[in-house]
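# Breakdown of the fold
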There are 2 protein chains.
Amino acid sequence: MALIVQKYGGTSVGSVERIQNVARRIAAFKAQGNDVVVVVSAMSGETNRLVALAEALQETPDPREMDVVLATGEQVTIGLLAMALQNIGVPAKSYTGWQVAVKTDSAHTKARIESIDDAAMRADLQAGKVVIVAGFQGIDARGDITTLGRGGSDTSAVALAAALKADECQIYTDVDGVYTTDPRVVPEARRLERITFEEMLELASLGSKVLQIRAVEFAGKYHVRLRVLSSLEEGGEGTLITFEEDGNMERAAVAGIAFDKNQARINVRGVPDKPGIAYQILGAVADANIEVDMIIQNIGAEGTTDFSFTVPRGDYRKALKILEDVQHNIGASEVNSDAGVVKVSIVGLGMRSHVGVASTMFRTLAEENINIQMISTSEIKVSVLIDEKYTELATRVLHTVFGLDKPQA
Amino acid sequence: MALIVQKYGGTSVGSVERIQNVARRIAAFKAQGNDVVVVVSAMSGETNRLVALAEALQETPDPREMDVVLATGEQVTIGLLAMALQNIGVPAKSYTGWQVAVKTDSAHTKARIESIDDAAMRADLQAGKVVIVAGFQGIDARGDITTLGRGGSDTSAVALAAALKADECQIYTDVDGVYTTDPRVVPEARRLERITFEEMLELASLGSKVLQIRAVEFAGKYHVRLRVLSSLEEGGEGTLITFEEDGNMERAAVAGIAFDKNQARINVRGVPDKPGIAYQILGAVADANIEVDMIIQNIGAEGTTDFSFTVPRGDYRKALKILEDVQHNIGASEVNSDAGVVKVSIVGLGMRSHVGVASTMFRTLAEENINIQMISTSEIKVSVLIDEKYTELATRVLHTVFGLDKPQA
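Right, let's walk through the structure included here. All values reported here derive from a predicted model rather than from experimental measurement. (Residues numbered from 1 in each chain as written. Chains lettered and ligands numbered in written order. Predicted model: local features only at pLDDT ≥ 70, side-chain atom pairs only at ≥ 80, totals over all residues. Heavy atoms only, no water.)

Okay, the packing of helix 1 (residues 16-31) of chain A against helix 2 (residues 46-57) of chain B next. Interaxial distance between helix 1 of chain A and helix 2 of chain B falls to 10 Å at its minimum, and their mutual angle equals 40 degrees. Viewed along their axes, helix 1 of chain A and helix 2 of chain B adopt a mutual orientation that is oblique. Note on packing geometry: the crossing formed by helix 1 of chain A with helix 2 of chain B is right-handed. On the side of helix 1 of chain A, the interface is formed by A:Val16, A:Ile19 and A:Gln20, while helix 2 of chain B contributes B:Leu53, B:Ala56 and B:Leu57. Taken together, the residues of the contact of helix 1 of chain A with helix 2 of chain B break down into five nonpolar, one polar and no charged. (Axes fitted to C-alpha atoms, helices over the stretch in contact; angles between N-to-C directions. Helix = DSSP H or I, 4+ residues; strand = E, 2+ residues; numbered from the N terminus. Parallel < 35°, antiparallel > 145°, perpendicular 65-115°, else oblique. Left-handed = near helix turned anticlockwise from the far one by under 90°. Contact = heavy atoms within 4.5 Å. Nonpolar A, V, L, I, M, F, W, Y, C, P; charged D, E, K, R; others polar.)

Here it is as structure tokens:
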């Protein structure tokens, strides 16, 4: 008998029929003798509907009130799934984030989980119940409702698996595993049977859309066995995210290619080059709780420096406004920006032992006349920022040149 | 400066534009120097949408899970209204039922309020904020979400007004006050400037639809000054619900006529007439938390008795099922029922001092060939149960015969 945490996303619970399907799947799993804790998202479309209502009333909705509104989406799903399970004879009980309690910090709309109380859930499991928990939400020290940000339900699931010391955390999505790249862009993309946490971390953070980065980080930190599976097909193995590189496996240099369109580039030019400038620019942005991704500093003309970085597109206007204020303080000559960019990344543990991977990437893009605006590298990935319109072309040619079109060895 | 609790129903907050209207109205009220606590319902249609989802998943949705789902409706509205107020420069903060905390018993879907903690609200009012509270919901001793039943937001508003010792509790509805009867049925119906609690209690309990009965009870018990107003027109006086009959006012015998279609009649025939039978029949129904309204017991044939009572239509099937079990135990010869009935009532403090009111009612109905199935009376009302199809006819002829078509003296 195993204790399994399963997470079903918005598409999987997007209608009455789909909720019934999920209930049947959980019932079958429980009938095999497993204890099951289920984390669910809002029904697909619901979060967007709520955001639209909020934005119609306040240009930048108050974060505390936004969380009050957004948290209702998952709350509806947990109640409905509990009913669907009870209807087929499976005892089930729902919990909101504050009922569990999933304690978070107070960073509304992007809160971080601090602790989870597993007592009530354990008692329910002991009593033979399926426990259903609202993903994406928690409660802060003030008693205010918080949400974890888009995709936060994955993080909820992994955090619950860690708190409960579950045997496996299964993330059900509308894909049947992690692919070498987005199959909608490259039809030759293949499912990976396993992938390491390090690679997954890079792929998730770069927007492969299968798993939220914080969920992967959390799983890595607490050694949660994590599996990505299809909620549409039954019996699939999905992709297991492993802690260790499989030494026996002859790996290709590159495991996968990710692209992330949720990027906007901001350029600060002609900044007097003196210590503390980077902090003056990025500190103000960080204080506004805006995540900065790629950062590049270059020598500019006559003792000045040019500073570029990327932020999520949703925070782009806010970041620009902050920089307009900062511009005068630091004496920058110009602030410009571009929201029409994409970050394309190649990721693979094999890059450690294969030379020339980066140069192959740059050559391949050059042959297609794709201009590279920014480059950043780590031990197991190379990312380039390019014009958004080249997303598909760049991903396709890189998928081919790194041998990902061919079956896994 | 006064402390006012205002309650806006689902129609008043049914769209972005209507929420903005409510926000402007609150802002104007606050600008006059008042402290304002606002109670809101779910956006119109939302509760029905959620009920439909639940009933698609479970024929009789689990009450605890139903409350989890239903409570989201009001939670969305409080967040949105807070945003709308902030957007026009009015500081505002929302509270769910559990955040206030509105403590209730554990009778899911029809819980009763036990206590309210006013500390956080008072601090917010002190800080100049408008406080927005989700109506209809609370939390029980187990930490489970509860709801108060349809129309429960009125009760929430009155309970908050009592807890805060507010100067007035204003219920905004889609009518501009309490009418002598439903104007959609009788165009000659007139608005009452004031009505006593006793009369209002009878009118509300009989389905005049303006105010929930428990709200009126609560207001009477805690001496909350209650006013019903239109949320659509500004500047109206509405109807004030007074504690004392105005001695100077020459009152008509009947203040208003109510009809309630949420009735189903159940008939238990041929019950052996011995002590404890009423309890055996009604006890089982009450244990299932079904409200019984009219009750009549009559002598039947040969030492048996006939027993009739009415229940809300939504509980009708459940009550019938219970009685089928009970039938054998008590040896009743027959259980039959009719869900196509309406209760029509005349209400008025003046009935105390006017004789012949009841007989005028019965004569008027007889003249229209309307058969009376059940009769019940109290000091200030007479109710009859008749075939539902006569609702409009009965109400119209009674409105005329009791002089309600003419302007108030």
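Now that the structure is up, let's keep going.
Now for the interface of chain A and chain B. At the interface, 42 residues of chain A touch 42 residues of chain B. Summed over both partners, the interface of chain A with chain B buries about 3,400 Å², with 63% contributed by carbon and sulfur atoms. Here chain A is connected to chain B by two salt bridges. One salt bridge in this structure joins B:Glu46 and A:Arg49, with 3.7 Å as the shortest N-O distance. Between the two partners, chain A and chain B, sit twelve residue pairs in polar contact (both at pLDDT 80 or more). Secondary-structure elements contributing two or more residues to the side of chain A that touches chain B are helix 1, helix 2 (46-57), helix 3 (63-87), strand 3 (92-95) and helix 4 (97-100) of chain A. (Buried area = accessible area lost by both parts, 1.4 Å probe. Salt bridge = Lys/Arg side-chain N within 4 Å of Asp/Glu carboxyl O. Polar contact = N/O pair within 3.5 Å; in protein donor to acceptor, adjacent residues only side chain to side chain.)

A few words now on the relation of the copies chain A and chain B. The transform that puts chain A on chain B rotates by 180 degrees and translates by 0.0 Å along the axis, for an RMSD of 0.1 Å. Here the symmetry operator amounts to a two-fold rotation axis. For chain A, the residue whose C-alpha comes nearest the rotation axis is A:Thr72, separated from it by 2.5 Å. Mapped onto chain B, 100% of the interface residues of chain A again fall at the interface, so both copies present the same surface. (Least-squares fit on C-alpha atoms with pLDDT ≥ 70 in both.)

For the rest of this paragraph, the subject is the sheet that holds strand 14 (residues 239-242) of chain B. Residues and elements named next belong to chain B. Pairing within the open sheet is mixed, and its eight strands lie in the order 3-6-2-1-9-13-14-12. Edge positions in the sheet fall to strand 3 (92-95) and strand 12 (194-196), since each of these pairs with one other strand and no more. Strand-to-strand twist in this sheet, taken as the mean axis angle between neighbours without regard to direction, amounts to 20 degrees. As judged from the five bridges shared by strand 1 (residues 3-8) and strand 9 (residues 168-173), these two strands associate in the parallel manner. Residue pairing across strands places lysine 7 opposite isoleucine 171, the latter belonging to strand 9. (Pairing = 2+ DSSP bridges.)

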